[in-house]
Amino acid sequence: MWRAYCITDWVCVVASITNQVPRLRFEANGMSQQALANAVGVTRQTIIAIEKNKYSPSLEVAFKIAQVFECSLEQVFAYE
Amino acid sequence: MVANKNLLRWVGASFVLVNLVMLVVWGWGTLFLLGLGFGGVVCAAGWWADEIDFTNEFPLLVSLIAVLTVFGRYFYFVFTNPDDLIGGLSRFVSAIIFMIVIEVVAHSLVAAQNAAADADERDKRIERAASRWGYIVLVAGVWVLIGQLVSRVVFEQAMLSSYLLANLLFLIFVIAELANIVARLLYYRLGLRRG
């Protein structure tokens, strides 16, 4: 399995944290990014960045996202 | 709020065209240069990105172009006319006033769109990470300036005037601010996974 190592802040060999947020939103009756952002307490741009693997959220936000979708953290985020 | 690529291309191209016409008809000026630069960057952003975040990236783009144009013009005058202290000072004051006006207009535009929102954890992390780059540039610049002064003493070269020294120090501050702005823009575009 590939492991991700960030050489600098901008350059990562492979994305380290992946997520299932787009799929979970779709399964939650097509929840909008704005609705998820409001529920979690971040901006819509942050949700977009998380979905595109451009931003790794803090533990607090990660737990809140899992809470919104009523699933465990591992079902939303994976380190691979 | 986000501006999509078509809007960016139209707005950017319109800015470039209008300012190009003004430049040709009325001659060279900071305002036209500013408009040209801003239009060019917005147009380029439209080709590069699918959408631009109006809340965060737009004021940064405006600041980038404003700093480059306004202070670029000021430093060009200062280093080509090192003896014209009064002219330099008056241009310094006008550059500061111009920057304040541009920043106020840019932030008012964002506020008028109801796009202003509290900074969340990503914004704060990007701000911190970008500040580190600005700090590195600032410290490096100050050390280079100190080294330059020491070398002039050691090798008995003519010392810089206090006016030029102050402007060199100010130039380092401006470059550090530019590094900060560019880093923030790049973090918003390319993403931030650590820091």
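Sequence positions are assigned chain by chain, starting from 1 and proceeding in written order. Lettering for chains starts from A, numbering for ligands starts from 1, and both go in the order in which the items are written. A pLDDT threshold of at least 70 governs which residues receive local features in this predicted model, and a stricter bar of 80 or more applies before side-chain atom pairs are shown or counted, although totals over entire chains, interfaces and linings include all residues. Water and hydrogen atoms were dropped before computing side-chain values, which therefore reflect all heavy atoms in the structure.

J.: Is there a simple way to think about the side chain of T46 of chain A in this case?
T.: A helix here means a DSSP run of H or I that spans at least four residues, while a strand means a run of E at least two residues long, and both kinds are numbered starting from the N terminus. Positionally, T46 of chain A belongs in helix 3 (residues 44-51). Residue contacts follow a heavy-atom distance rule, with two residues in contact if any of their heavy atoms lie within 4.5 Å. Residues contacting T46 of chain A, with those up to four places away along its chain left out, are Y55 of chain A together with D120 and R122 of chain B.

J.: Mind showing me how you'd approach unusual backbone geometry here?
T.: Trans is the common state for peptide bonds, and a negative phi is the common state for residues other than glycine. Of note in the backbone geometry, N29 of chain A takes a positive phi value of approximately 55° without being a glycine. Here N29 of chain A lies in the loop between helix 1 (21-27) and helix 2 (33-40). Each residue is assigned to one of three classes by its accessible area relative to the maximum for its type, calculated with a 1.4 Å probe on protein chains only: buried under 20%, partly exposed between the two thresholds, exposed over 50%. The exposure class of N29 of chain A is exposed, given its relative accessible area of 79%. A positive phi angle, near 50°, is found at E156 of chain B, a position not held by glycine.

J.: I would appreciate a short explanation of empty space enclosed by the protein in the present structure.
T.: Cavity means a closed set of points on a 1 Å grid over the protein atoms alone, one where a 1.4 Å probe fits but cannot get out, pocket means an open set with protein on both sides within 12 Å along at least 5 of 7 lines, and lining means a residue has an atom within 4 Å of a point. Grid points are joined across faces, edges and corners, and a volume is the space filled by probe spheres set on the points. The full count for this structure, using the stated rule, is two cavities of 30 Å³ or more. Roughly 40 Å³ of volume is contained in the largest cavity. Considering the residues around the largest cavity, the lining is formed by I17, T18, N19, I50, N53, Y55, S56, P57 and F77 of chain A. Amino acid classes used here: Ala, Val, Leu, Ile, Met, Phe, Trp, Tyr, Cys and Pro are nonpolar; Asp, Glu, Lys and Arg are charged; the rest, including Gly, are polar. Its residues assigned to classes, the lining of the largest cavity comprises five nonpolar, four polar and no charged. In this model, the second largest cavity occupies a volume close to 30 Å³. Residue lining of the second largest cavity: A49, K54 and Y55 of chain A together with R122, I126, Y187, Y188, G191 and L192 of chain B, and that is the complete set. When contributions to the lining of the second largest cavity are tallied by element, the ones reaching two or more residues are helix 5 (121-154) and helix 6 (162-190) of chain B. A class-by-class count of the residues in the lining of the second largest cavity yields six nonpolar, one polar and two charged.

J.: What should I look at first to understand the pattern of salt bridges in this one?
T.: Side-chain pairs of opposite charge can arise where the charged atoms are in close proximity. Residues and elements named next belong to chain A. One speaks of a salt bridge when a side-chain nitrogen belonging to Lys or Arg is within 4 Å of a carboxyl oxygen belonging to Asp or Glu. The final tally for this structure, using the stated rule, is four salt bridges over all chains. The residue E27 makes a salt bridge to R23 at a minimum N-O spacing of 2.9 Å. Of this pair, E27 and R23 both sit in helix 1, four residues apart, roughly one helical turn. Here R23 falls in the partly exposed class, since its relative accessible area comes to 38%. Between R25 and E51 there is a salt bridge; the shortest N-O distance is 2.6 Å. Highlighted residues: R25 in helix 1 and E51 in helix 3, separated in sequence by 26 residues. The same class applies to R25 and to E51, which are both buried.

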